[in-house]
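# Summary of structural features
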Amino acid sequence: MTIKRSILSSILALACNLVFVYVIYFLCRAIYLFENWSAFSEGLGALSFNNVLNGCFKFDTSAILYTNAFYAVMMLLPLGVKENISYQKIAKWIFLLVNSIAVIVNLCDAVYFQYTGRRTTVSVFQEFSNDNNILDVFGIELVRHWYLFLAGILLIVLLKIFYLSPTGKSNFNYKSYKVKYYGVQTICLSLFILITIGGIRGGFTKAVRPITISNANQYVNRPVEAALVLNTPFSILRSIGKNVFKDPKYFTREELENVYSPIHYPSDSIQSEKKNVVVLIMESFAREYIGYYNEYKGFTEFTDSLLKKSLTFEYTFSNGRKSIDGMPSVLSGIPRFNEPFFLTPASMNDVSGIAGELQNWGYYTAFFHGAENGSMGFEAFARKTGYQDYFGRTEYNNDNRFEGDKDFDGTWAIWDEEFMQFYALKMTEMKEPFMTTLFSASSHHPYKVPSKYENRFKDEAGDNNPLHKCIRYVDYCLQEFFKTAEKQPWYKNTIFVITADHTNIVSEEEYNTDLGLYAVPIFFYDPSGTLPIGIKEGIAQQTDIMPTILNLLGYDKTYLAFGKDLIHTEADKTWAVNQENGVYQFIKGDYVVQMTEDTQIKGVYDFKKDWMLKNNLTGKIGKKEQELQQELKAIIQDYMIRMVEDKLTVKSAE
């Protein structure tokens, strides 16, 4: 499409093209919504349409002006060369390229959302930087979501069709206008610069700071709904080079020490018992899938039987939504705030964990993950936190007891059955006491099971969750692991901890909530029978695993972990914390408090009576709300200070 040539034609074409980009972003958001309808549908009726629309416009404006700034300057430069047909063709293709990329990342993120519950940030490029199979995964998702591929092509074609060009069949003779031409172009460029500054910042007043991802929460009711207001180009651009951790200065240092401290001291009456420790972090093994925790059968017959002999807790939560969130939480007692810990500059801090503490106490430590060595940054984190040895796909392939590459699943890792047998046998070769961790892999995209089990573990009729068959397979792998383990000499002198890194695809309504999306199993099993058995009252989180294990062993040194000993802590003093889209969620006692980064309370709920979080009690529970908010603020501030000042170990904090 072309526009009649005049001194304003480039300006009008720019305005029309940018307006059409808003339409494209709206269509991308509509697709995002419908692709993830189950995550948003329940709360849509409670949202203010005008409020959400205002938020969408603000974030889209920022993203559109960010991404189209170069194109806009090309169209507004007070230079005659821009009236050349060739120049305008270059400008057109820059416009199409930039906005096609925006379409692609928005639609790709519509799929990735189901795994993270938020818009993607720049950290995703670090997260998968060591994985060579991303193109394979992308290809599988392309086939599975072919309709999004077609939608993307259609939107890009529409961009091209409706692109308004100021060029006709010949160059525009701007010289006949001279002063008027240059004056108008200069004024318009100046106005655009002012508009761009205000648009990118999110407003023009002095009180307005540049909007960030967390600002989206002011337009919605639930943290997960912030993804609807945001767009992916904005989320990526605004997270580039961001100062992830900053002391919020809620308290003075003296006040902070009186409210909260993550330092754990040994008991005077402590008795040491150096048992082996085996931590099993099961990929995507959400509480939703486990019948023992629910009123329905579930998909984990063996795990259910193991839980009947184990110690677990009334409410059990993860501290994040991705694998790289789970690693620091489970193994080092470090929750995820803002970004995955070991994708931030703070990952260079001095940091320890269960392995590091026990290594210094005479334990041998090793980490097992069946993927390519270096995948997801697990090996680097494991070695940094005190694991002496790492066993990945390379070590498995070098073990002549197994089939090596023949046991590779074709995408991510060695199948769990074979790798867990390798794990069990390798522990028999270790000197006791040892502390080991396995991070499983098979209950993962692309949701396949070994061909020999395709008839045994398959998609059931009417079951729209492709992960369920993988969960049944991994439950079987656990059963086979324990069959082998119980024959080993180290078995009865071992404490087993089983949890999941995060939740995954949700099928049950009660798990599609701000709490349910973090509900993972956490349980302790001791074959010797020294642990209590059953469901203990209270709240457990991944960061509690480290202090619970160390206290069970009678660890006699001071250490740091953002959790508590679940065995010896009274139920009403247990708590859990997580954060997503700029909203912190603090669960303690009967209540869950949701607070934004600027300390605004978005919600207070009696979650034991109101699991679906329908009745907001903000301002209705008296001093209790302030007490919970103060404790949450202290946890956040202590965390931020330690990240900034490199005080994540007792030694570094001295």
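Because the structure is predicted, anything quoted here is derived from the model rather than measured. (Residues numbered from 1 in each chain as written. Predicted model: local features only at pLDDT ≥ 70, side-chain atom pairs only at ≥ 80, totals over all residues. Heavy atoms only, no water.)

Let us look at the packing of aromatic side chains. Tallied over the entire structure, the rule returns 55 aromatic pairs. With a centroid separation of 5.0 Å and an interplanar angle of 75°, the aromatic rings of Y315 and F607 are classed as edge-to-face. Of this pair, Y315 sits in strand 3 (residues 311-317) while F607 sits in the loop between strand 14 (601-606) and helix 21 (623-645), placing them 292 residues apart in sequence. Residue Y315 is classed as buried on the basis of its relative accessible area of 15%. Here F607 falls in the buried class, since its relative accessible area comes to 1%. Lying across the ring of F408, R393 places its NZ or CZ 3.7 Å from the centre. Across the ring face of Y250, the terminal group of K633 is positioned such that the distance to the ring centre comes to 5.3 Å. (Phe/Tyr/Trp six-rings, centres within 6.5 Å; stacked < 30°, edge-to-face > 60°. Helix = DSSP H or I, 4+ residues; strand = E, 2+ residues; numbered from the N terminus. Buried < 20%, exposed > 50% of the residue type's maximum accessible area, 1.4 Å probe, protein only. Lys NZ or Arg CZ within 6 Å of the ring centre and 35° of its normal.)

Once that is clear, we can look at the sheet that holds strand 13 (residues 591-596). With antiparallel pairing, the four strands of this open sheet are ordered in space as 11-12-13-14. Two strands close off the open sheet at either side, each with one partner strand: strand 11 (575-580) and strand 14. Between one strand and the next, the sheet's axes are offset by a mean angle of 15°, whatever the strand orientation. Across six bridges, the pairing between strand 11 and strand 12 (residues 583-588) is antiparallel. Across the sheet, the residue bridging to E580 is V583, located in strand 12. Each of strand 11, strand 12, strand 13 and strand 14 is contacted by helix 21, which is oriented at about 120° to strand 12, the strand it contacts most. (Pairing = 2+ DSSP bridges. Axes fitted to C-alpha atoms, helices over the stretch in contact; angles between N-to-C directions. Contact = heavy atoms within 4.5 Å.)

Moving on to a negative patch on the surface. On the surface, a cluster of negative charge is made up of E295, E508, E509 and E510. As for its placement among the helices and strands, E510 is situated in the loop between strand 7 (494-500) and strand 8 (522-525). (Patch = residues over 30% accessible without salt bridge, like charges linked within 9 Å, V, L, I, M, F, W, Y side chains within 5 Å. Areas by Shrake-Rupley, 256 points an atom, 1.4 Å probe, with all protein chains shown as cover. Salt bridge = Lys/Arg side-chain N within 4 Å of Asp/Glu carboxyl O. Lys, Arg positive; Asp, Glu negative; His and termini not counted. Charge placed at Lys NZ, Arg CZ, Asp CG, Glu CD.)

On the surface, L142, W146, Y147, F149, L150, I153, V157, I161 and F162 cluster together into a nonpolar patch covering about 840 Å² of accessible area. Ranked by residue count, the leading element in the nonpolar patch is helix 8 (residues 146-161), at seven residues. Relative to the elements of secondary structure, Y147 occurs in helix 8.

Across the interface, helix 5 (residues 85-116) lies against helix 8 with an axial gap of 10 Å and an inter-helix angle of 155°. Accordingly, the angle class assigned to the pair helix 5 and helix 8 is roughly antiparallel. In terms of crossing hand, the pair formed by helix 5 and helix 8 is right-handed. From helix 5, K92, W93, F95, L96, N99, S100, V103, I104, L107 and V111 reach across to helix 8, where they touch L148, A151, G152, L155, I156, L159 and K160. Each residue belonging to the contact of helix 5 with helix 8 can be placed in one class, and the counts come to twelve nonpolar, three polar and two charged. (Parallel < 35°, antiparallel > 145°, perpendicular 65-115°, else oblique. Left-handed = near helix turned anticlockwise from the far one by under 90°. Nonpolar A, V, L, I, M, F, W, Y, C, P; charged D, E, K, R; others polar.)

Turning next to the pattern of salt bridges. If you walk through the whole model with that rule in mind, you get 25 salt bridges. Residues E372 and R393 are paired through a salt bridge, measuring 3.0 Å at the closest nitrogen-oxygen approach. Placement of E372 in the loop between strand 4 (364-369) and helix 16 (378-384) and of R393 in helix 17 (residues 393-397) is noted, with a sequence separation of 21 residues between them. Connected through salt bridges with shared partners, the residues D247, K249, R253, E645 and K647 form a single ionic network.

Here we take up the side chain of R472. Within the element layout of this structure, R472 appears in helix 19 (residues 467-485). A relative accessible area of 16% means that R472 is categorised as buried. The residues contacting R472, other than those within four sequence positions of it, are F299, F457, K458 and E460.

The analysis is restricted to geometry; functional conclusions fall outside its scope.
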